[in-house]
Amino acid sequence: MFLFHKEPKNLAEGVCRAKETEGAVLLDVRTPEEYRGGHLPDSVNLPLDELDKISYGKETPLFVYCRSGARSGRAVEALKKRGYEKAVNIGGVLGYDGPLERS
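Here the structure is a predicted model, which is why all the values come from computation and not from measurement.

A. Region of interest: the pairing of strand β1 (residues 25-28). Because side chains alternate across β1, one face comprises the buried residues Val-25 and Leu-27, and the other comprises Leu-26 and Asp-28, equally buried. Relative to strand β3 (residues 62-66), β1 runs parallel, the two being bridged by four bridges. Bridge pairing in β3 links Asp-28 to Tyr-65. As defined by bridge partners, β1 adjoins strand β2 (residues 44-45) across two bridges and the pair is classed as parallel. Counted as the bridge partner of Leu-27 is Val-44 from β2. Taking the sense of rotation as the criterion, the β-α-β connection linking β1, helix α2 (residues 32-37) and β2 turns out right-handed.

Next comes the structure, spelled out in structure tokens:
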């Protein structure tokens, strides 16, 4: 079982853990423009400045990422303050060599 208090070493490990976690959501907190430029397959875009619009239940496992890991870190802090205990920062797409989708 994945422990949500321990962050993965890198984005690739975070993606693997998300795939292994039932009901998990890959949450991209970058801007819509950044998201369109390349995002993880099956991810959902919810920019950091719009986190108050989150519609997932507080029990939902959230695997949060951004460009470098900084915004996703801030997002996870904010989410945990709101009761999302299963939110984890999985880092950024910078240096990630896995598949990205463009839209």
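B. Just helix α1 (residues 11-20), in detail. Among the residues of α1, Leu-11, Glu-13, Gly-14, Val-15, Arg-17 and Ala-18 are the ones counted as buried. Lining the buried residues of α1 we find β1, β3 and β4 (87-92).

C. How the structure looks around the pairing of β3. Counted residue by residue, β3 has five buried out of five residues, so it is predominantly covered. Both faces of β3 are covered, namely the face carrying Leu-62, Val-64 and Cys-66 and the face carrying Phe-63 and Tyr-65. At this point the chain moves from β3, through helix α3 (residues 70-81), to the parallel β4, and the crossover so formed is right-handed.

About the thresholds
Residues numbered from 1 in each chain as written. Predicted model: local features only at pLDDT ≥ 70, side-chain atom pairs only at ≥ 80, totals over all residues. Heavy atoms only, no water. Buried < 20%, exposed > 50% of the residue type's maximum accessible area, 1.4 Å probe, protein only. Helix = DSSP H or I, 4+ residues; strand = E, 2+ residues; numbered from the N terminus. Pairing = 2+ DSSP bridges. Right-handed = clockwise from strand over helix to strand, strands pointing away. Contact = heavy atoms within 4.5 Å.

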